[in-house]
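# Residue-level structure breakdown
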Amino acid sequence: MFRRRPVRRALRAARPGPKVRLNQAHALFNQGKYVRAAEIFEDLAEGALRHRIPRAPYLFVQAGRARFYAGQAGVGLAQVKRGLKLFADKQRWGELYRTGKWVVSELAERGFKEQSEAISEWLIETLPTKVEEEIKAKAAIESKRPVLPLKCPSCGGSVDPGEVRWLDTVTAECVFCGSSLRA
Ligand SMILES: [Zn+2]
C-alpha cells in the first residue's frame, strides 16, 4: 500500500490541469470530436461539483450538448437535465431560464424535438412564474449591452451574451473558466 503512493502521485502530476483540459474539450468540440469532448466535460463537471465550483452546471450542460451532437440523445438529455437541476437546486433562476431556453431552441433546431419538448415542459414546471417575468424585463435591458467576442480568448468556449455574468458595463465573465471578457 505504502509503496504505491509515489506512483499515484506521479500519475496525478502528469495529468494536465482543469484549465488545459477545458481548452482541449472546447477544441475537440469545435473539431467535431464530440464523444471525446463530452468525456472531458463530464470529468470536469464532476470535479467542479465535488469542489462546489459554481460553473459545474454549465459544464454538465456542455457535456450534454456534446453527447447530443454525437447522436447520443439519451445520455445527452440526462446530462443537460443534471446541469439544469443544479441551477434549480441553488435557485439560480436567471441562469436556469437563460440556459434552459437556449438549450431548448438549440435541440429543436438540431432535430431533437422530443428531448427539447421534455426540457421545455420541465422548465415550465420548475421556474416560478414571478421569476420568469422579472427575467424577461431584465433581458430587455441586457439586450442593449455591448457586443462580446464569440469565443472566450482564454478557454475557447462559446460566449453567449445572455448567459455571461456582467462585472461592469463593458466586462463580462466566461461561464466556463471565469476569465474576463471585454466588449
Ligand atoms: Zn473561458
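Bear in mind the structure is a predicted one, so any value in this text is a computation, not a measurement.

## What to know about the overall build of the protein
A tally of regular secondary structure across the protein gives 8 helices and 3 strands. Helices and strands in the protein line up, N terminus first, as α-α-α-α-α-α-α-α-β-β-β. Over its C-alpha trace the protein gives a radius of gyration of 18 Å, about what one expects of a compact globule, namely 16 Å for 183 residues. Dimensions along the principal axes, computed over C-alpha positions, put the protein at roughly 60 × 40 × 30 Å. Burial analysis of the protein (183 residues in total) assigns 40% to the buried set. Within the protein, residue pairs in contact and separated by at least 24 positions form 50% of the contacts whose partners lie at least 6 positions apart. Accessible surface computed for the protein: about 10900 Å², of which carbon and sulfur atoms make up 54%.

## Quick look at the packing of aromatic side chains
The final tally for this structure, using the stated rule, is 5 aromatic pairs. Aromatic side chains F29 and Y34 sit 5.2 Å apart centroid to centroid with 70° between the ring planes, which places their arrangement in the edge-to-face category. F29 sits in the buried class, given a relative accessible area of 10%. Consider the rings of Y34 and Y69, whose centres lie 5.2 Å apart with planes at 65°: the pair is edge-to-face.

Reading guide: rules and limits
- The numbering scheme is per chain: residues are counted from 1 as the chain's sequence reads.
- Only residues with pLDDT of at least 70 get local features here, since the model is predicted, and only at 80 or more are side-chain atom pairs given and counted; chain-wide, interface and lining totals rely on the full set of residues.
- Computation of side-chain values: all heavy atoms of the structure, hydrogens and water removed.
- Helix and strand definitions here come from DSSP, where helices need a minimum of 4 consecutive H or I residues and strands a minimum of 2 consecutive E residues; each element is numbered from the N-terminal end.
- C-alpha atoms define the radius of gyration in this analysis, and the globule rule sets the expected value at 2.2 Å times the number of residues to the power 0.38.
- Buried, partly exposed and exposed residues are distinguished by accessible area as a fraction of the type maximum, computed with a 1.4 Å probe on protein chains only: under 20%, between the cut-offs, and over 50%, respectively.
- Note on definitions: a residue-residue contact is assigned when non-hydrogen atoms from the two residues lie within 4.5 Å.
- All accessibility values rest on the Shrake-Rupley procedure with a 1.4 Å probe; residue burial counts only the protein chains present in the view.
- For Phe, Tyr and Trp, rings pair up if their centres lie within 6.5 Å, where Trp contributes its six-membered ring, and each pair is then called stacked (planes under 30 degrees apart), edge-to-face (over 60) or tilted (otherwise).

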